[in-house]
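Architecture and fold: a report
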Number of protein chains: 2
Amino acid sequence: MVHPILMIPGPTNLSDDVLKALCQPMIGHTSQEFYEEFKEAHLLTSKLFGSDPERTVLFSGSGTFGMEALFSSFAKPGDKVLSIVNGYFGDRFAEIGSIYGLNVKTLKFEPPEDVDFELLENELSSESYDFVTLTHIDTSTGIMNDIRGVGKVVKEHGAFFVVDMVSSLGCTEFNFETEPVDYAFSASQKCVGAPPGAVMVAFSKELLEKRGSVKGRSYYFDLKRWLPIMRDPSIYLSTPNIAVIRAFRVALNEVFEEGLQNKIRRHKELGEIAYDFVVKRGWKPLSKRPSPSVIAFDLGKPVANEVAKSLYKQGILVAKGLGALSSRVIRVGYMGSTTKELLYNTLKKIEDAFNEINH
Amino acid sequence: MVHPILMIPGPTNLSDDVLKALCQPMIGHTSQEFYEEFKEAHLLTSKLFGSDPERTVLFSGSGTFGMEALFSSFAKPGDKVLSIVNGYFGDRFAEIGSIYGLNVKTLKFEPPEDVDFELLENELSSESYDFVTLTHIDTSTGIMNDIRGVGKVVKEHGAFFVVDMVSSLGCTEFNFETEPVDYAFSASQKCVGAPPGAVMVAFSKELLEKRGSVKGRSYYFDLKRWLPIMRDPSIYLSTPNIAVIRAFRVALNEVFEEGLQNKIRRHKELGEIAYDFVVKRGWKPLSKRPSPSVIAFDLGKPVANEVAKSLYKQGILVAKGLGALSSRVIRVGYMGSTTKELLYNTLKKIEDAFNEINH
């Protein structure tokens with residue numbers, strides 16, 4: 001079968017070298033070769049976050065693991081959590097918090113609105129929170145939230161600030177040690193351009209100092225259990241998905257070969273190209289500003305399914321919307337190695353398909 | 001670099017077709033193609049367990065997830081757990097139970113001893129347990145426990161019987177629906193011969209009926225949350241590690257192409273070959289009987305490291321021991337597609353290396 005080009009908000013197309021790494025003959029997870037590859041992947045992960053390797057964890061899993069590991073490792077029953085929601089994944093954070101017995105409140109903003117700082121300020125003044133969570137770029141809407149702005153307000157009110165960077169780490173400007181963030185996580189299949197199956201977490205010295213003694217509520221999700229393994233991967237905790245970790249290492253190397261700043265610039269441009277195209281065409285983005293990894297837009301008519309089908313026939317996979325407007329919304333992802341030409345070509349094909357359907 | 005042949009207790013060598021499936025271009029986890037492959041892998045998993053697909057879950061993770069998912073999905077705080085231990089993984093079960101706030105007691109047997117039924121009977125008579133856990137084949141010792149015998153005693157005392165089949169499912173005779181077992185789990189990288197990264201769980205009607213209403217203690221590990229996804233993989237819960245699941249499907253098909261009974265017979269023979277060789281050579285197996293997937297044996301001298309190094313130089317990876325006797329113990333795995341010739345060749349090389357070192 002012919003595989004379509006992926007223009008969805010993750011997973012992304014894999015480079016030849018990443019694919020090659022994925023299908024090496026199997027090696028042991030207790031072999032020197034794997035330890036060395038793992039250590040390199042871990043160091044590159046902390047370079048990507050701009051975080052201290054001593055507070056950076058790489059393990060097998062998906063983005064969801066980053067959410068669950070936060071509460072499992074650092075939260076106490078009854079902690080107060082404010083989950084800022086302007087897309088699908090803010091609600092998930094709230095749900096996981098509730099499962100862990102935390103007092104979760106959501107602060108919702110209706111797309112394309114992003115965070116209203118007055119409302120946030122009011123909420124944080126009227127109630128004392130332990131954690132405030134935010135999705136950096138929500139793949140359901142393409143909204144990119146202002147980490148630095150929100151983080152500053154959150155820190156002024158003494159809460160830990162937690163950021164879901166699943167769809168932003170590697171294609172946005174970020175430096176964990178200088179941003180007002182206490183906990184950030186991402187996953188392998190998004191901006192880095194690896195297969196799904198690895199999850200990365202960075203946390204602040206302050207979070208570790210104040211909450212490091214919290215008794216972990218899970219075996220696998222307790223990040224404190226993973227820290228010694230980052231220093232010495234020969235300590236056995238759980239069999240890693242070797243093939244994915246190996247491919248992830250190669251993808252990380254490709255990020256730094258392109259140059260992180262070059263990559264970020266490329267994604268910024270891609271975001272602007274997509275946003276301009278959509279606005280000029282008269283469609284409505286679900287965000288007020290371009291995002292460097294994904295755009296979601298309302299076609300104005302319930303033809304998203306037909307448009308996506310038409311593109312699939314032409315060898316390109318785009319995503320439909322999530323939630324209420326799903327039948328009218330198309331989502332295009334441009335994570336990983338997407339070029340301007342590929343993005344433009346995709347948008348043009350969407351336009352042609354839309355015109356064809358409305359003929 | 002040249003990749004050594006894996007003769008360790010997992011992961012195993014991958015067949016060409018499994019490798020090929022692993023390195024297909026990436027596809028979307030929300031694509032029809034993936035749904036169909038996932039559904040097939042799920043059905044073949046239940047065929048492998050001999051379990052009802054409605055109570056069989058396939059998800060991304062390692063064997064450890066099977067342990068954690070049990071307690072997370074079905075245990076209530078304060079539940080009484082008896083963990084039978086005759087190797088490394090029984091202790092892990094106890095540890096995870098304790099993290100979940102359960103009252104865990106361990107019943108230990110020193111290798112090569114397996115379960116003493118009188119002691120078990122006494123323990124279950126003197127105390128009422130909710131769960132009794134057992135490792136079917138422990139890779140640290142190669143001991144294969146008698147599931148049916150232990151299960152019968154456990155069920156007579158009204159406890160749920162839980163079996164870790166990580167290193168046995170697919171190379172031992174087993175039928176979930178007719179054995180006295182309430183919960184069994186395994187992982188992709190062992191007898192099935194796929195890469196690590198997928199975990200499989202089967203549970204009994206009785207466990208689901210009596211404990212189905214337990215409030216899950218985790219988002220990811222709550223099996224009740226996964227059940228609807230087995231029926232309809234288009235429901236999004238967490239991004240699966242697509243490449244591994246695809247390779248797992250191909251490996252499962254290879255199991256049934258060989259014929260499950262043929263595969264079980266082959267592994268039984270491999271176990272006997274290994275056990276005979278070791279005993280005749282004068283080394284001491286850590287188990288009283290052959291096991292169909294792994295043998296651990298005491299060389300009588302602290303030369304395991306040197307022996308393993310010598311084999312590695314010849315392109316074969318074997319494992320050293322775990323725990324107290326580690327410097328004297330070699331472990332050889334023969335899961336997956338291992339042939340008699342390959343196993344015999346490995347054992348012969350171990351003998352030669354041992355003689356060389358003791359010359």
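Residues numbered from 1 in each chain as written. Chains lettered and ligands numbered in written order. Predicted model: local features only at pLDDT ≥ 70, side-chain atom pairs only at ≥ 80, totals over all residues. Heavy atoms only, no water.

Let us now look at the overall build of chain A. Counting its regular elements, chain A contains twelve helices and 13 strands. Expressed as lengths along the three principal axes of its C-alpha atoms, the size of chain A is roughly 65 × 55 × 35 Å. Residues counted as buried form 64% of the 359 residues belonging to chain A. Here the analysis covers contacts within chain A between residues at least 6 apart in sequence; of these, 72% occur between residues at least 24 apart. Working note: accessible area of chain A is about 13,200 Å², and carbon and sulfur atoms make up 51% of it. (Helix = DSSP H or I, 4+ residues; strand = E, 2+ residues; numbered from the N terminus. Buried < 20%, exposed > 50% of the residue type's maximum accessible area, 1.4 Å probe, protein only. Contact = heavy atoms within 4.5 Å. Areas by Shrake-Rupley, 256 points an atom, 1.4 Å probe, with all protein chains shown as cover.)

Contacts between the two partners involve 52 residues from chain A and, on the opposite side, 52 residues from chain B. Summing the contributions of chain A and of chain B, the shared interface buries around 4,100 Å²; its carbon and sulfur component is 65%. Broken down residue by residue, the surface that chain A buries against chain B is led by His 3, Met 26 and Tyr 219 of chain A, which jointly contribute 17%. Along the contact surface separating chain A from chain B lie two salt bridges. With a closest N to O distance of 2.8 Å, Arg 225 of chain B and Glu 95 of chain A form a salt bridge. (Buried area = accessible area lost by both parts, 1.4 Å probe. Salt bridge = Lys/Arg side-chain N within 4 Å of Asp/Glu carboxyl O.)

Residues and elements named next belong to chain B. Spatial strand order, β2-β8-β7-β6-β5-β3-β4: seven strands in an open sheet with mixed pairing. Each edge of the open sheet carries a strand with a single partner, namely β2 (56-61) and β4 (103-108). In this sheet, adjacent strand axes meet at a mean angle of 20° when their direction is disregarded. Pairing between strand β6 (residues 160-164) and strand β7 (residues 183-187): three bridges, direction parallel. Its bridge partner being in β7, Val 162 is matched across the sheet by Tyr 183. Across the sheet, helix α5 (residues 117-126) touches β3 (80-85), β4 and β5 (131-135), and the angle it forms with β3 is around 170°. Packed on one face of the sheet, helix α8 (residues 223-231) meets β2, β7 and β8 (197-203) and runs near 105° to β2. (Pairing = 2+ DSSP bridges. Axes fitted to C-alpha atoms, helices over the stretch in contact; angles between N-to-C directions.)

Before going further, it helps to spend a moment on the side chain of Arg 211 of chain B. All names here are of chain B. Residue position: Arg 211 is located in helix α7 (residues 205-211). At 2.9 Å, the side chain of Arg 211 forms a polar contact with the backbone oxygen of Phe 74. Arg 211 has contacts with Ser 73, Phe 74, Ala 75, Lys 76, Asp 79, Asp 130, Phe 131, Phe 160 and Lys 224, leaving out every residue within four places of it along the chain. (Polar contact = N/O pair within 3.5 Å; in protein donor to acceptor, adjacent residues only side chain to side chain.)

A separate point is the sheet that holds strand β10 (residues 294-298) of chain B. Residue and element names in this part refer to chain B. If you walk across this open sheet you meet the four strands as β9-β10-β13-β12, and the pairing is antiparallel. Strands with a single pairing partner mark the edges of an open sheet, and in this sheet they are β9 (284-285) and β12 (319-320). The pairing of β10 with strand β13 (residues 329-333) spans five bridges and is classified as antiparallel. By the bridge assignment, Val 294 is partnered in β13 with Gly 333.

Before going further, it helps to examine the domain arrangement of chain A. Residue and element names in this part refer to chain A. Taken domain by domain, chain A consists of domain 1 (5-10 + 259-357) and domain 2 (17-257). Between the C-alpha centres of domain 1 and domain 2 there is a distance of 26 Å. The largest per-residue losses of area from domain 1 upon contact with domain 2 belong to Leu 260, Leu 286 and Lys 288, which jointly make up 23% of the total buried on that side. Residue Asp 114 pairs with Arg 289 through a salt bridge whose shortest N-O separation is 2.0 Å. The interface formed by domain 1 and domain 2 includes ten residue pairs in polar contact (both at pLDDT 80 or more). Considered class by class, the residues forming the side of domain 1 that touches domain 2 number eleven nonpolar, eight polar and four charged. (Domains from an automatic or database assignment. Nonpolar A, V, L, I, M, F, W, Y, C, P; charged D, E, K, R; others polar.)

By a simple turn and slide, chain A fits onto chain B: the slide is 0.0 Å along the axis, the RMSD is 0.0 Å, and the turn is 180°. What the superposition gives is, in effect, a two-fold axis relating one chain to the other. Residue Cys 23 of chain A, judged by its C-alpha, is the member of chain A lying nearest the rotation axis, at 2.6 Å. Both copies present the same face, since 98% of the interface residues in chain A are matched by interface residues at the equivalent positions in chain B. (Least-squares fit on C-alpha atoms with pLDDT ≥ 70 in both.)

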